[in-house]
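Residues per chain, in single letters:
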Amino acid sequence: MMHATIKPRLVALALLFGVALDGASFGDLRAQPTRMQVATRGPARAVWTKERARAWADSTGWLVGSNFIPSTAINQLEMWQAVTFDPRTIDRELGWAESLGFNTMRVFLHNLLWQQDSIGFLSRMDQFLMIADRHHIRPMFVLFDAVWDPMPHLGTQRAPIPHVHNSGWVQSPGAAILADTASFEQLRGYVQGVVGRFAKDRRVVAWDVFNEPDNTNRPAYLAYEPVDKEAHSFILIRKAFVWAREMNPSQPLTAAPWRGDWIDPTRVKPFTAYMLDSSDVITFHSYDDSANVERLVTALERYGRPIICSEYMARPRGSTFQKILPIFARRHVGAFNWGFAAGKTQTIYPWDSWDREYTAEPAVWFHDIFRSDGTPYDAAEVAFVRGITATAGRR
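Computed from a predicted structure; not experimentally measured. (Residues numbered from 1 in each chain as written. Predicted model: local features only at pLDDT ≥ 70, side-chain atom pairs only at ≥ 80, totals over all residues. Heavy atoms only, no water.)

Caption draft 1: Examining the packing of helix α8 (residues 188-198) against helix α9 (residues 229-245) more closely. At a closest axis distance of 9 Å, the pairing of α8 and α9 adopts a crossing angle of 40°. The crossing of α8 and α9 is right-handed. Residues Arg188, Val191, Gln192 and Val195 of α8 lie in contact with α9, whose contacting residues are Ala240, Trp243 and Ala244. Looking at the contact of α8 with α9 residue by residue, the class counts come to 5 nonpolar, 1 polar and 1 charged. (Axes fitted to C-alpha atoms, helices over the stretch in contact; angles between N-to-C directions. Helix = DSSP H or I, 4+ residues; strand = E, 2+ residues; numbered from the N terminus. Left-handed = near helix turned anticlockwise from the far one by under 90°. Contact = heavy atoms within 4.5 Å. Nonpolar A, V, L, I, M, F, W, Y, C, P; charged D, E, K, R; others polar.)

Okay, structure coming up:
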């Protein structure tokens, strides 16, 4: 039970944060470090100038890491919910990342976590950042995600479907919200509460506003997607950029194109153009071979901003560390491969595992670097990555 003499101060603090206040949350709030600072909402800041974006890139150096979820979690909800939050595994696996020379990780959040227990969620994010900081890793957090299951739910998450790639990953927000544009305002508190809490925190390197917002998840979930998903996502991403900018974060905001043609400026889709024009630093996704990656990077250089590939590495497609990472190192393009430690996401299996049956581990892993016990999938590959990061770190 909350003590009567401190409840008024906590209510005021909760109003400042825009967070829920209850007995369970109070315990988490007391555990927050004393350095907690929360940005206040103001006018939406402008997109960074190219000069400021380049200064940020100079200060961070070459960013290299993975998209990260601990091997014990099937999705974002299982990673972050109090019952299944696993700091021991996170610490162990980020230690493996540090051993590779990685200095960043791309990490997905979820709006339902804010709805469930906003103060506890912020506390666990802070705990994650403390662990990452010990390993000299500064994460990029992803606020929204339009990929895989459009029907997320809090509580116990389902078990993985055997041998199926990302069989339990969930969208944020789910289809119920995305289908109703009038409900979008309820997401403002999540965006501004999270970004505001960490807006001046040097441990956070960047904010990815919306992952692949126009992805309709063919064939896995197409039948369950909202009608006009792309149009609705376009409305939400524009709101989300404004909400985040109103917190004036010291870190860059970005969103990555992943399909279509942005090489020819006359063929750039409006959605893609918006993401590129609204980003403080440019991000993109590519699971292509080296020739196509070179073309994409050259095309994006016309924006005059730092460039980061926030998804790559699918071995059977020719997107490998040996072929792609040297391009990014040479051209100073940040690099986040998909997948780190094999586990409940099962992303060692390819995308086609949704419509083709697999009964055993594939001979060539699609994604991921380590087994859950820390053994490399390919020791030579790990040695190669360490060589690249060591060389880049001396430049």
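Caption draft 2: Representation of the nonpolar core within the structure. One finds Trp80, Phe328 and Phe340 to be the most contacted residues of the largest nonpolar core, which totals 103 residues. It is helix α6 (residues 111-134) that provides the largest number of residues to this core, a total of 10 residues. Excluding residues within four positions of it along the chain, phenylalanine 340 makes contact with Ser66, Asn67, Phe68, Glu93, Trp96, Ala97, Leu100, Phe102, Met105, Asp368, Ile369 and Phe370. Counting 11 residues, the second largest nonpolar core, distinct from the first, contains Leu63, Val205, Ala206 and Val281. (Core = buried A, V, L, I, M, F, W, Y, C linked by side-chain atoms within 4.5 Å. Buried < 20%, exposed > 50% of the residue type's maximum accessible area, 1.4 Å probe, protein only.)

Caption draft 3: Structural view of the side chain of arginine 106. Residue placement: arginine 106 occurs in strand β2 (residues 104-108). By relative accessible area, arginine 106 is classed as buried at 0%. Polar contacts involving the side chain of arginine 106 include one to the side chain of aspartate 208, which spans 2.8 Å. Reaching out from arginine 106, the side chain makes a polar contact with the backbone oxygen of serine 310 at a distance of 3.5 Å. (Polar contact = N/O pair within 3.5 Å; in protein donor to acceptor, adjacent residues only side chain to side chain.)

Caption draft 4: Looking closely at the environment of serine 319. Tracing the chain through its elements places serine 319 in the loop between β7 (307-312) and α12 (321-330). For serine 319 and tyrosine 287, which are 32 residues apart along the polypeptide, the C-alpha to C-alpha distance reads 5.6 Å. Reaching out from serine 319, the side chain makes a polar contact with the backbone nitrogen of methionine 313 at a distance of 2.9 Å.

These results come straight from atomic positions and should not be treated as a statement about function.
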